[in-house]
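Here is how the chains run, residue by residue.
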Amino acid sequence: MPNSKTVSDYIRAIPDFPHEGIIFRDVTTLFSDPRGFRMAVDQLVHPFVGQRIDKVVGLEARGFILGGAVAHQLSVGFVPVRKQGKLPGDVLSEAYTLEYGKAVVEIHTDAIQPGERVLVVDDLLATGGTATAGIKLIERLGGEITGCAFVVDLPELGGRKRLEELGMSVHTLCEFDGL
Ligand SMILES: O=P(O)(O)OC[C@H]1O[C@H](OP(=O)(O)OP(=O)(O)O)[C@H](O)[C@@H]1O
Ligand SMILES: Nc1ncnc2[nH]cnc12
């Protein structure tokens, strides 16, 4: 039977998580559906096929699930950007704020070589704080960012504009209005 559903149809909204007033866009329902998950990964990869990409960087934690699948599809390596204290080797760190909190992310210093072309992948773009921190880490290692790919954009929070002002090419699959 043909599948008329789009990626956004697989994503559920959970009000007041993790704080009152936040509508949490839950992608676990997308990941758990074989057609939904394949559709999302195929659409994330599509604009980058034929471009030079040496590494995919996934942002913890949901970016690991998508980024791993995207890296596999592009036949390139995967690099995690992790929350502070999780990576065992030498790291660079960046502090940032996101829609509902503050955190520090890290990358292994030997994960990306100068001049390597990198695709950044995460599930969702809200304020762009997390992605900006990841981009800074990659650029501090001398990586060059080919693009940033997300399943969900929350345009009212301004993340796309923020990344585009940094010169990034931003690819998203669906948008939700309302914070
Ligand atoms: O654009 P921003 O305002 O930075 O928000 C987006 C980030 O927030 C979520 O991650 P979260 O920090 O909740 O981490 P998790 O994936 O480990 O749950 C989401 O997966 C993005 O990484
Ligand atoms: N509204 C939201 N839903 C899911 N993840 C998020 N990360 C930041 N804002 C979010």
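We now turn to the structure provided with this report. (Residues numbered from 1 in each chain as written. Chains lettered and ligands numbered in written order. Predicted model: local features only at pLDDT ≥ 70, side-chain atom pairs only at ≥ 80, totals over all residues. Heavy atoms only, no water.)

## Side note on the overall build of the protein
- In terms of regular secondary structure, the protein is built from five helices and nine strands.
- Moving toward the C terminus, one meets the helices and strands of the protein in the order β-β-α-α-β-α-β-β-β-β-α-β-α-β.
- Radius of gyration (C-alpha) of the protein: 16 Å, near the 16 Å computed for a compact globule of 179 residues.
- With the C-alpha coordinates of the protein rotated into their principal frame, the extents come out at 45 × 40 × 30 Å.
- Across the 179 residues of the protein, 46% fall into the buried class.
- Roughly 8,700 Å² of accessible area belongs to the protein as shown, and the carbon and sulfur atoms make up 51% of that amount. (Helix = DSSP H or I, 4+ residues; strand = E, 2+ residues; numbered from the N terminus. Rg over C-alpha atoms; globule rule 2.2 N^0.38 Å. Buried < 20%, exposed > 50% of the residue type's maximum accessible area, 1.4 Å probe, protein only. Areas by Shrake-Rupley, 256 points an atom, 1.4 Å probe, with all protein chains shown as cover.)

## Observations regarding the pairing of strand E4 (residues 77–83)
- Looking at chain direction, strand E3 (residues 55–59) and E4 are connected through five bridges and run parallel. Looking at E4, one finds that Leu59 is bridged to Val81.
- Considered for its hand, the β-α-β crossover made up of E3, helix H3 (residues 62–74) and E4 is right-handed.
- Two strands pair when backbone bridges link them, and E4 and strand E6 (residues 101–108) are joined in this way by two bridges, in the antiparallel orientation. Its bridge partner lying in E6, Arg82 is registered against Glu106. (Pairing = 2+ DSSP bridges. Right-handed = clockwise from strand over helix to strand, strands pointing away.)

## Some remarks on the sheet that holds strand E7 (residues 117–125)
- One open sheet holds the seven strands; their spatial order is E5-E6-E4-E3-E7-E8-E9, and the pairing between them is mixed. The open sheet is flanked by strand E5 (91–98) and strand E9 (170–175), the only strands paired with a single partner. Taking each pair of neighbouring strands and ignoring which way they run, the sheet shows an average axis angle of 20°.
- Here five bridges tie strand E8 (residues 144–153) to E9, and the two strands are oriented parallel to one another. Counterpart to Cys148 in the pairing with E9 is Val170.
- Running over the sheet, H3 touches E3, E4, E7 and E8 and is turned about 140° from E7.
- Packed onto the sheet, helix H4 (residues 129–140) meets E3, E4, E5, E6, E7 and E8 and runs at close to 160° relative to E5. (Axes fitted to C-alpha atoms, helices over the stretch in contact; angles between N-to-C directions. Contact = heavy atoms within 4.5 Å.)

## A word on the environment of Gly134
- Its place among the elements puts Gly134 in helix H4.
- Residues Gly134 and Val121 lie 13 residues apart in sequence; the distance between their C-alpha atoms is 9.9 Å.

## Structural notes on the layout of surface pockets
- The space that makes up the largest pocket amounts to roughly 390 Å³.
- If you go around the largest pocket, you meet 26 residues; those closest to its centre are Arg62, Leu98, Tyr100, Leu124 and Thr130.
- For the lining of the largest pocket, the element with the most residues is E7, which contributes four residues.
- The residue inventory of the lining of the largest pocket, partitioned by class, reads 15 nonpolar, four polar and seven charged. (1 Å grid on protein atoms, 1.4 Å probe; cavity = no way out; pocket = protein on both sides within 12 Å on 5 of 7 lines; lining within 4 Å. Points joined across faces, edges and corners; volume = space filled by probe spheres on them. Nonpolar A, V, L, I, M, F, W, Y, C, P; charged D, E, K, R; others polar.)

## Observations concerning the side chain of Glu116
- The residue Glu116 is located in the loop between E6 and E7 in this model.
- Residue Glu116 is classed as buried on the basis of its relative accessible area, which comes to 16%.

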